[in-house]
Amino acid sequence: MPDDPFLADCRARLGFDLLANTWNPVVLRALRDGPRRHGELRELIGGIRSKVLTETLRRLHVNGLVDRHSADGPSPRPEYRLTELGRSFLAPIEAVGGWAFEHGDEVMAARDAALPPEPLS
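Here the residue numbering is sequential within each chain, running from 1 through the sequence in written order. For this predicted model, a pLDDT threshold of at least 70 governs which residues receive local features, and a threshold of 80 or more governs which side-chain atom pairs are given and counted, while totals over whole chains, interfaces and linings are taken from all residues. Hydrogen atoms and water are omitted, and side-chain values are computed over all heavy atoms in the structure.

If you tally the helices and strands in the chain, you get 6 helices and 3 strands. Against the globule reference of 14 Å for 121 residues, the chain gives a C-alpha radius of gyration of 18 Å, more extended than a compact globule. Counting only C-alpha atoms, the chain reaches 60 × 50 × 25 Å along its principal axes. Per-residue accessibility, obtained with a 1.4 Å probe over protein chains only, is compared with the maximum for each type, and a residue is labelled buried under 20%, exposed over 50%, and partly exposed between these values. Taking all 121 residues of the chain together, 23% fall into the buried category. Contact definition: two residues touch when any of their heavy atoms are within 4.5 Å. For the chain, the share of sequence-separated contacts (at least 6 apart) that also reach a separation of at least 24 residues comes to 42%. Working note: accessible area of the chain is about 8900 Å², and carbon and sulfur atoms make up 56% of it. Averaged over its 16 positive side-chain charges, the chain has a centre that lies 9 Å from the centre of its 18 negative ones. In DSSP terms, a helix is any run of H or I states spanning at least four residues, a strand is any run of E spanning at least two, and both are numbered starting from the N terminus. Computation of the radius of gyration draws on C-alpha atoms, with the globule rule given as 2.2 Å multiplied by the number of residues to the power 0.38. Every accessible area reported is derived by Shrake-Rupley at a probe size of 1.4 Å, with residue values counting cover from the shown protein chains alone. In this charge count, Lys and Arg are treated as positive and Asp and Glu as negative; neither His nor the chain ends contribute. To locate a charge, take atom NZ for lysine, CZ for arginine, CG for aspartate or CD for glutamate.

What follows is the structure, encoded as structure tokens:
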């Protein structure tokens with residue numbers, strides 16, 4: 001079946017792979033309101049190490065979802081912004097996020113139910 005999204009060479013896998021990395025959707029969503037510098041992104045996102053953010057931005061750039069632009073000036077610091085392709089990926093991210101908000105309590109309850117009981121002290 002050529003359109004099976006679970007085959008390794010199927011194009012649908014690209015989207016699943018991009019969503020699978022926890023930081024990809026977070027960084028893309030953080031860029032939705034306009035360009036930001038590395039430090040601004042770290043502050044806005046919170047809980048992300050500088051190295052991880054750099055790797056994520058590089059991965060998103062290589063995949064054509066983010067542009068890196070250095071502003072002119074005495075100390076040019078690069079800004080990152082969504083490409084049109086990156087902007088088009090916000091809809092699936094919002095859909096998954098909406099699902100998580102709607103069903104997150106159910107998922108957490110299922111996780112809790114699957115955990116073995118803690119031993120009594």
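Now that the structure has been shown, the text picks up again.
Note on placement: Trp-99 falls in helix α6 (residues 90-114). For the pair Trp-99 and Leu-53, spaced 46 residues apart in sequence, the C-alpha separation works out to 25 Å. Once residues within four sequence positions are removed from consideration, Trp-99 is found in contact with Gly-104 and Val-107.

Further remarks concern the nonpolar core. Counting 19 residues, the largest nonpolar core has Leu-28, Leu-41 and Val-66 as the members making the most contacts within it. Those residues in contact with Val-66, other than ones at most four positions away along the chain, are Leu-28, Leu-31, Leu-57, Leu-60, His-61, Tyr-80, Arg-81, Leu-82 and Thr-83. Among buried residues, the Ala, Val, Leu, Ile, Met, Phe, Trp, Tyr and Cys ones that are joined through side-chain atoms within 4.5 Å form a nonpolar core.

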